[in-house]
Amino acid sequence: MTDLTLLHYTAEHEWLLIDGDTATVGITDYAAEKLGDVVYVDLPAAGTEVETGKVVGEIESTKSVGELYAPALGTVLEINDAVVDSPDLVNSDPFGDGWLIKITLASADRVGLLSRDEYVALTAE
């Protein structure tokens, strides 16, 4: 289990685990619960340039379709093929095997990212 206090969060319910200039990105358990059973994940190809706040993918569930937003400026380094093949990983392990993409960050800027406490306060509203 990932230490959730080490992650950064967005208001769009994504988490980032930043290691140097690479960020592993997924959606939070809160988002996964709100979506319901995830049945399809559409992710950008490796090498795709992404811009903070822009839609880069889609997550479909039995209840709705959610958009995946780029949490930072950079380039997609890798996608999680396991999630494409088994979308239910997003529900069963959102902070582990259910990660979605890895991004090579263009900048060390963390503007707009939330701490765990800030994210918990946001979802409590």
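Structure: see above.
Since we're looking at a predicted model, the values are computed, not measured.

Definitions and limits used
Counting starts from 1 at the beginning of each chain's written sequence and moves along it residue by residue. Where totals are concerned, whole chains, interfaces and linings use all residues; where local detail is concerned, this predicted model gives features only for residues with pLDDT of at least 70, and gives and counts side-chain atom pairs only at 80 or more. Water and hydrogen atoms were dropped before computing side-chain values, which therefore reflect all heavy atoms in the structure. Put simply, DSSP H or I for four residues or longer makes a helix, DSSP E for two residues or longer makes a strand, and each gets a number counted from the N terminus. Polar contact is defined as a pair of N or O atoms within 3.5 Å, subject to the rule that within protein one atom must be able to donate a hydrogen and the other to accept it, and that residues adjacent in sequence are counted only when both atoms are side-chain atoms. Every residue pair with non-hydrogen atoms within 4.5 Å of one another is taken to be in contact. Here, nonpolar core means buried Ala, Val, Leu, Ile, Met, Phe, Trp, Tyr and Cys residues that are tied together by side-chain atoms lying within 4.5 Å of each other. Buried means the residue's accessible area, taken with a 1.4 Å probe over protein chains only, is under 20% of the maximum for its type, while exposed means over 50%, and partly exposed covers the values in between. The pairing criterion for strands is at least two bridges between them, as found by DSSP.

### A closer look at the side chain of R116
Reasoning step 1: Tracing the chain through its elements places R116 in helix α4 (residues 116-124).
Reasoning step 2: Only 3.3 Å separates the side chain of R116 from the side chain of Y9, close enough to count as a polar contact.
Reasoning step 3: Excluding its chain neighbours within four sequence positions, the residues that come into contact with R116 are L4, T5, L7, Y9 and F95.

### Here we look at the nonpolar core
Reasoning step 1: I27, V41, V90 and L100 are the most contacted members of the largest nonpolar core, which totals 26 residues.
Reasoning step 2: For this core, the secondary structure elements donating two or more residues are β2 (14-19), β3 (22-27), α1 (29-35), β4 (38-42), β6 (55-61), α3 (89-92) and β9 (101-105).
Reasoning step 3: Listed in part, the 8 residues of the second largest apolar core include Y9, W99, L114 and Y119.

### As for the sheet that holds β2
Reasoning step 1: Strands sit in the order β1-β2-β3-β9-β8-β5 across an open sheet of 6 strands; the sheet is antiparallel. A strand with exactly one partner marks an edge of an open sheet, and here the two such strands are β1 (8-9) and β5 (49-50).
Reasoning step 2: Pairing between strand β8 (residues 74-79) and β9: 5 bridges, direction antiparallel. Within β9, the position partnered with V76 by the bridge is I103.

### Quick notes on unusual backbone geometry
Reasoning step 1: The backbone of H13 shows a phi angle near 70 degrees, a positive value even though the residue is not glycine.
Reasoning step 2: Take H13: it is sitting in the loop between β1 and β2.
Reasoning step 3: On the basis of relative accessibility, which here comes to 22%, the residue H13 falls in the partly exposed class.

### A word on the environment of A121
Reasoning step 1: Topologically, A121 is positioned in helix α4.
Reasoning step 2: Overall, the relative accessible area of 42% leaves A121 in the partly exposed class.
Reasoning step 3: Taking the C-alpha atoms as reference points, A121 and D42, 79 residues apart in sequence, are found 29 Å from one another.

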